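Results of the structural survey
Residue strings, one per chain:
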Amino acid sequence: MTSQPGTSMIVVVGSMNADLSVRASRLPLPGETVIGSDIDVRPGGKSSNQAAAAARLGATVAMVGAVGDDQYAKILLDSAAAAGVGISDVVTLPGAATGTAMIVVDAAAENTIVVSPGANDQLRPEDLPERLVSDASVLCLALETPIETVLRAAEIAEEAGTTVVLNLSPYREVPPELLRATTVLVVNEHELACLSGASEDVVDGEVAQRVLAAIGITNAVVTLGADGALVVTPGGVTHLAAPRVEAVDTTGSGDAFTGALATGLAEGRSLTDAARLGNATGAYAATRAGAQTSYPSRREAEELLRSAMQASRPA
């Protein structure tokens with residue numbers, strides 16, 4: 001791909017959720033009650049977040065998903081449109097509830113999330129606009145919608161030669177044919193550990209490359225939160241440090257990373273350069289509350305990336 005910024009289409013197929021967030025001094029233990037703040041309702045969903053992040057960076061983005069006919073649907077659709085995401089292929093399901101995510105954020109900006117899929121669980125393969133997916137430069141997929149829909153989208157993209165970015169989240173076992181159709185796999189430390197069968201998170205580059213090669217993946221990014229990311233290619237493993245920021249809320253930061261990664265790939269950047277943009281975008285997102293409401297513009301992301309690179313140079 002050799003296109004200029006904003007000219008290549010990114011299609012995101014997946015979830016749209018209303019995020020119901022509450023802040024607390026710490027995350028509750030099992031069976032424990034902790035007093036928190038008032039509930040804040042914001043637009044979210046892994047796939048909708050990825051689409052918004054890419055659009056905020058200037059990419060041309062189309063969202064394929066499903067919402068219910070309740071009050072949350074308008075919040076999600078309005079937010080996506082305001083970010084510049086095309087929403088004409090989002091289906092509204094009468095009688096269905098829009099997906100919701102219940103989020104608790106602690107004083108250290110860490111979070112726990114429980115998702116109620118709602119309409120997301122009713123997105124079917126027949127809802128996919130095959131021509132749109134075929135015409136995309138990059139297809140973004142995650143696992144908050146039925147696996148048969150995710151697989152069909154990947155198959156359409158693979159047949160058309162489209163770059164398929166699969167975010168293996170929330171983690172579950174997936175059909176081998178989905179992995180075969182994947183161009184770039186995005187996982188965090190926990191998801192990589194699940195793939196390896198390890199009892200603890202795996203962060204060693206050689207181990208990561210071996211685990212991924214065992215499932216047929218040669219191009220991948222392992223996100224490490226504040227520690228940046230590992231970029232795995234046939235040429236080896238590269239660790240990219242993340243810009244240092246004061247985190248306020250990490251909700252949706254991983255999605256921001258993936259949306260930025262897709263943007264870089266759609267612009268013809270190498271996987272490593274695209275991941276650098278992802279690092280900056282995800283780090284910036286952590287400095288503000290919420291998911292989509294925290295995402296940077298292209299100027300903001302690149303300024304953070306430039307300052308981080310300058311700070312890392314030897315004096």
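Before any of the text, the structure's been laid out above.
Let us look at the structure shown here. (Residues numbered from 1 in each chain as written. Predicted model: local features only at pLDDT ≥ 70, side-chain atom pairs only at ≥ 80, totals over all residues. Heavy atoms only, no water.)

**Description of helix 7 (residues 205-214)**
How we decide: Think of it in three bands: with a 1.4 Å probe and only protein chains considered, a residue is buried below 20% of the maximum accessible area for its type, exposed above 50%, and partly exposed in between. A run of DSSP states H or I qualifies as a helix once it reaches four residues; a run of E qualifies as a strand once it reaches two. Both are numbered from the N-terminal end. Comment: arc refers to directions from the helix axis out to C-beta atoms. The contact definition used throughout considers only heavy atoms, calling two residues in contact when any of these lie within 4.5 Å. Any pair of nitrogen or oxygen atoms within 3.5 Å is treated as a polar contact; in protein, a donor-acceptor pairing is required on top of that, and neighbouring residues in sequence qualify only through side-chain atoms on both sides.
Buried residues of helix 7: G205, A208, V211 and L212, and no others. Down the axis of helix 7, the smallest arc covering the buried residues is 125°, so these residues share one side. Turned more than 90 degrees from where helix 7 packs its buried face, E206, R210 and A214 sit exposed. Tucked inside the fold, the buried residues of helix 7 contact strand 10 (184-188), helix 6 (189-196), strand 11 (220-223), strand 12 (229-233) and strand 13 (236-240). Looking at where helix 7 begins, the residue whose side-chain oxygen comes 3.1 Å from the main-chain nitrogen of E206 is D204. Positive backbone phi, approximately 85°, marks G216, located one or two places after helix 7.

**Describing the sheet that holds strand 6 (residues 99-105)**
For clarity, the cut-off: Two strands are said to pair when DSSP picks up at least two bridges between them. As a rule, the C-alpha atoms of each element are fitted with a line to give its axis, helices using only the stretch in contact, and angles between N-to-C directions run from 0 to 180 degrees.
Within the open sheet, the four strands sit side by side as 3-2-6-7. Their pairing is mixed. Looking along the sheet, the strands with just one partner apiece sit at the ends: strand 3 (40-44) and strand 7 (111-116). Along the sheet, successive strands turn relative to each other by an average axial angle of 25°, direction set aside. Pairing of strand 2 (residues 17-23) with strand 6 involves seven bridges; the strand directions are parallel. The residue of strand 6 that forms the bridge with N17 is G99. Sheet contacts for helix 2 (residues 71-83): strand 2, strand 3 and strand 6; angle to strand 3, the most-contacted strand, approximately 55°.

**Considering the packing of helix 6 against helix 7**
As a reminder of what qualifies: An angle counts as roughly parallel when it lies under 35 degrees, as roughly antiparallel when it exceeds 145, as roughly perpendicular when it falls between 65 and 115, and as oblique in every other case. Handedness of a helix crossing follows the sense of rotation of the near helix relative to the far helix, less than a right angle counterclockwise being left-handed and clockwise being right-handed. For this scheme, ten residues count as nonpolar: Ala, Val, Leu, Ile, Met, Phe, Trp, Tyr, Cys and Pro. Four count as charged, namely Asp, Glu, Lys and Arg, and the remainder, Gly too, count as polar.
Between helix 6 and helix 7, whose axes approach to 10 Å, the crossing angle comes to 55°. Put simply, helix 6 runs oblique to helix 7. Remark: the crossing between helix 6 and helix 7 carries left-handed chirality. Within the contact between the two elements, helix 6 uses L192, L195 and S196 and helix 7 uses A208, V211 and L212. Among the residues forming the contact of helix 6 with helix 7, the class breakdown is five nonpolar, one polar and no charged.

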